[in-house]
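A look at the structure
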Amino acid sequence: MLRLVGIGNRWRGDDGAGLAVAALLSERAPAGVDIVVHEREPVELIETFDGAAAVWLVDAVRSGAPPGTVHRIDASEHFLPAELFSVSTHRLGLAGAIELARALGRLPPRVIVHGIEGERFEAGEELSPAVEAATRQLAATLEAEVAAC
Amino acid sequence: MSESRTKTIRTDTLARVEGEGAMHVRIESGRVTEVELRIYEPPRFFEAFLRGRDFGEAVDITSRICGICPVAYQMSAVTAMESLCGVTVDGPVRELRRLLYCGEWIESHALHIFMLHAPDFLGFDSAVAMAREHPALVTDALALKKAGNEVMRVIGGREIHPVNLRVGGVHRAPSKRELATLTNGLERAREIAVGAVALVANLEFPDYEQDVELVALAEPGRYPIDAGPRIVSTAGLDITPPEYPDHFVESHVPWSHALHSQRVGGGSYLVGPLARFATSFEHLTPLAREAAAGAGLRPPERNPFRSIVVRAVELVHAVDEAITLIAEYEEPDAPSVAVEPRAGVGHGVSEAPRGLLYHRYEIDAKGTILDATIIPPTSQNQTAIEADLRAVVERSLELPDAELSRRCEQTIRNYDPCISCATHFLTLEVDRC
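Residues numbered from 1 in each chain as written. Chains lettered and ligands numbered in written order. Predicted model: local features only at pLDDT ≥ 70, side-chain atom pairs only at ≥ 80, totals over all residues.

**A closer look at the overall build of chain B**
We count it as follows: Helix numbering and strand numbering both begin at the N terminus, where a helix is a DSSP run of H or I of at least 4 residues and a strand a DSSP run of E of at least 2. Restricting the calculation to C-alpha atoms gives the radius of gyration, and the globule rule supplies 2.2 Å times the number of residues raised to the power 0.38. In this scheme every C-beta is placed from the backbone, and a residue whose C-beta has 20 or more other C-beta atoms within 10 Å is buried, one with 12 or fewer is exposed, and one in between is partly exposed.
Within chain B one finds 15 helices and 15 strands. For a compact globule of 433 residues, the expected C-alpha radius of gyration is about 22 Å, and chain B comes in at 21 Å, within 12% of that figure. Its C-alpha atoms give chain B principal-axis dimensions of roughly 80 × 45 × 35 Å. The buried share among the 433 residues of chain B stands at 54%.

Here you go:
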């Protein structure tokens, strides 16, 4: 099973970028690809890993790069920089969830993380223009990448 | 001639507490001269921006104080407003709110016991490192947290910052069938929780007892969670929530952005699992009491390092009671009752996972909030935590610095401090002179 997981909070501007990519792909995902929208606690992502041969994760990030920049990390080979995906000192973020899954032996063989650099994370449903363009471009790239898998 | 030596041990980042802070311990010639729990997370001014808002808004505004215990803030807020306006919420709606609160206890206690505190006892720097050696433990923790999260989602609308509580009741009462979906997960969680008590009871605990007043909410026949008519202590305190300000006072210390709370007339006190266990042990469910007995616990438990066992017993209680509340739930005729504002002052107290949480509001006849005071458990525990640190360091001077630092961090985590609530994370400094 191949799985694509969009992560985020649709009510917080560009934090909805991952969800937007999942929504775009759900309209045109190749057969055999499971599209998941994850709006819950990052640690619960581990459940979305179970039974998957490959997982693509898409989330918004804030690193200081220009809005719309897409960061790609092969998490099957590299540790995720925690600061890129840190949401809270209270909870494990995306990086923590992936490292916990790795420690538990529950990380799928292939895990690719895409982080879309957000611009504004205030209340509201709209993506900023650069981020919206990035979600469309990434959806097209992922569609081709997943199809080739 | 005595030799005066100063030594500094400093841990700049103390992990696995909620919020941002630091700790400083100074040791001069083998004596501890300074202990400061430095909470440097900026103040967040919640009390100030509640002023001018409608009395019905406090529930959702104060929820934002904490991502771990939002229901605690919500319940203390609605209780204060309801008592102020002469309304009592009981029957199925109260039970539903208590069930939601049990969900928060399950989630919060599971997080602290397994992911934050257990690594101290088992010698790991993080839950991730612990997961490599003890995968079953962490898998169990995730299952428990999920059971709690599900309760929060089904009743609260979502697992973090639930949106279903309101002054007068809830916005929407779930059906019996919706609640029944939670039972399987909770039954599994109950087995795990019972196992967790036995597991943590076998950890190694430093030999240390504290003699501090333990303060908790009390309700006849029930373990204190969502509400209660009295505030009681191991030193004989027995007051109503409106009398709280007469007995407890907040003061500012230079090294912390969180106010310290003390008993009027001086003296530290402690709220949280040890306090509830000491004052309401008999109201734990039979299963939780049995688990406590099996772990060799008897009230009052005065070794703060054993709070992890007490917390596990409370976890059994919360899961066990949640299952009962679901089984006995009857859909209410109406999800809420109308609450008309009246000018006055209201007090609301509930038991957050970390301890007693007090809210006080003054509103006018239109329901506009004129004044708000919120006293979270971590503020109340700060003085006692510092006293504990002092005592623990004094007894552990022979330890090498790195080990002493770890022991200090473990001591702080005995209290599952939520620094975000108190003003968020800790840095540790030890000076040896």
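Alright, that's what it looks like, and here's the rest.
**Here we look at the sheet that holds strand E4 (residues 70-74) of chain A**
All names here are of chain A. Put simply, the rule reads: A strand pair is defined by DSSP finding two or more bridges across the two strands. Fitting a line to C-alpha atoms yields each axis, with helices limited to the stretch in contact; the angle taken between N-to-C directions then spans 0 to 180 degrees. In this description, any two residues whose backbone-derived C-beta atoms lie within 7 Å of each other are considered to be in contact.
What the 5 strands build is an open sheet, ordered E2-E1-E3-E5-E4; its pairing is mixed. Only two strands of the sheet have a single partner each, and these edge strands are strand E2 (33-38) and E4. Direction aside, the axes of adjacent strands within the sheet are offset by 15° on average. The strands touched by helix H4 (residues 129-147) are strand E1 (2-7), E2, strand E3 (54-61), E4 and strand E5 (110-117); relative to E5, the strand with the most contacts, the crossing angle is about 165°.

**Describing the confidence of the model for chain B**
All names here are of chain B. As a reminder, the rule being used: pLDDT gives the predictor's per-residue confidence on a scale running from 0 to 100.
Looking at chain B, the pLDDT average stands at 90 and 91% of residues meet or exceed 70. Here residues 424-428 is a poorly scored stretch, pLDDT under 50, and it has 33 contacts once near neighbours within four places are set aside; other chains count. If you check the scores for this complex, the pTM reads 0.90 and the ipTM reads 0.81.

**Here we look at unusual backbone geometry**
Residues and elements named next belong to chain B. Note that the residue after Pro299, namely Pro300, is joined by a cis bond; omega there is -10°. Among the structural elements, Pro300 can be located in the loop between helix H11 (286-294) and helix H12 (307-328). For Ser29, which is not glycine, the phi dihedral falls at a positive 45°. Residue position: Ser29 is located in the loop between strand E2 (22-28) and strand E3 (31-38). Of note, the phi angle at His161 is positive, near 50°, even though the residue is not glycine. Inspection of the secondary structure puts His161 in the loop between helix H6 (135-156) and strand E4 (165-166).

**A look at helix H8 (residues 183-201) of chain B**
Residue and element names in this part refer to chain B. Short version of the rule: Helices are assigned an expected span. That span is 1.5 Å times one less than the residue count.
For H8, spanning 19 residues, the distance from its first C-alpha to its last is 27 Å, which sits close to the expected 27 Å at 1.5 Å a residue. Within the span of H8, buried status applies to Leu186, Ala189, Arg190, Ile192, Ala193, Val194, Ala196, Val197 and Val200. Looking at the buried positions of H8, the neighbouring elements they touch are helix H4 (92-122), H6, H11 and H12.

**Points about the packing of helix H3 (residues 70-84) of chain B against H4(B)**
Residues and elements named next belong to chain B. Note the cut-off: In these notes the angle categories are as follows: under 35 degrees is roughly parallel, over 145 is roughly antiparallel, 65 to 115 is roughly perpendicular, and the rest is oblique. In this scheme the handedness of a crossing depends on how the near helix is turned from the far one: anticlockwise by less than a right angle means left-handed, clockwise means right-handed. Amino acids outside the nonpolar list (Ala, Val, Leu, Ile, Met, Phe, Trp, Tyr, Cys, Pro) and the charged list (Asp, Glu, Lys, Arg) are all regarded as polar, and Gly is one of them.
Running from N to C, H3 and H4 point in directions that differ by 150°, and their axes come no closer than 9 Å. Considering the angle they form, H3 stands roughly antiparallel to H4. Between H3 and H4 the crossing geometry is left-handed. Seen from H3, the contacting residues are Val71, Ala72 and Met75; seen from H4, they are Arg97, Leu100, Tyr101 and Glu104. Tallied by class, residues from the contact of H3 with H4 come to 5 nonpolar, no polar and 2 charged.

**Examining the pairing of E1(A)**
Residues and elements named next belong to chain A. Inclusion rule: When the strands point away from the viewer, a crossover counts as right-handed if the path from the first strand over the helix to the second runs clockwise.
Where burial is concerned, most of E1 is hidden: 5 out of the 6 residues are buried. Of the strand pairs in this sheet, E1 and E3 are connected by 5 bridges, and their pairing is parallel. Counterpart to Leu4 in the pairing with E3 is Trp56. Once the chain exits E1 it traverses helix H1 (residues 17-26) before rejoining the sheet at E2, and the crossover so formed is right-handed.

**Remarks on the environment of B:Val310**
Residues and elements named next belong to chain B. Here Val310 shows up in helix H12. A tally of 28 C-beta atoms within 10 Å means that Val310 is categorised as buried. In the structure, Val310 is positioned 241 residues away from Cys69 in sequence and 19 Å away in space, judged by C-alpha atoms. In this structure, Val310 is in contact with Pro273, Leu274, Phe277, Leu297 and Glu301, ignoring residues within four places of it in sequence.

**Re the nonpolar core**
Residues and elements named next belong to chain B. Here is the rule: To count as a nonpolar core, a set of buried Ala, Val, Leu, Ile, Met, Phe, Trp, Tyr and Cys residues must be joined through C-beta atoms within 7 Å.
Formed by 164 residues in total, the largest nonpolar core has its most connected members in Ile106, Val151, Ala193, Val197, Ala312 and Val313. Per element, the largest residue contribution to this core is 13 residues, and it comes from H4. When near neighbours in sequence (up to four residues on either side) are disregarded, Val151 contacts Leu99, Leu100, Cys102, Gly103, Ile106, Leu182 and Ala322.

**As for the packing of H4(B) against H12(B)**
The description of two packed helices rests on the angle between their axes and on the distance between the axes. Residue and element names in this part refer to chain B. The contact between H4 and H12 brings their axes to 9 Å, and the two run at 150°. One finds that H4 runs roughly antiparallel with respect to H12. Relative to H12, H4 is oriented so that their crossing is left-handed. The segment H4 lies against H12, with Glu95, Arg98, Leu99, Cys102, Gly103, Trp105, Ile106, His109, Ala110, His112, Ile113 and His117 engaging Ile308, Arg311, Ala312, Glu314, Leu315, Ala318, Val319, Glu321, Ala322, Leu325 and Ile326. Residue composition of the contact of H4 with H12, grouped by class: 14 nonpolar, 4 polar and 5 charged.

**Regarding the environment of A:His38**
Residue and element names in this part refer to chain A. Within the secondary structure, His38 is located in strand E2. His38 gets classed as buried once you count the C-beta atoms within 10 Å, which come to 22. Each C-alpha atom of the pair His38 and Pro81 lies 20 Å from the other, and the pair is 43 residues apart in sequence. Beyond its immediate stretch of four places on either side in the chain, His38 contacts Val5, Gly6, Ile7, Leu45 and Thr48.

**Structural notes on the sheet that holds strand E14 (residues 369-375) of chain B**
Residues and elements named next belong to chain B. Read from one edge of the open sheet, 3 strands run E12-E13-E14, paired in antiparallel fashion. Two strands bound the open sheet, and with one partner strand each, they are strand E12 (344-352) and E14. Averaged over neighbouring strand pairs, the angle between their axes works out to 15° when direction is ignored. Judged from the 9 bridges that link them, E12 and strand E13 (residues 355-363) form a sheet pairing that is antiparallel.

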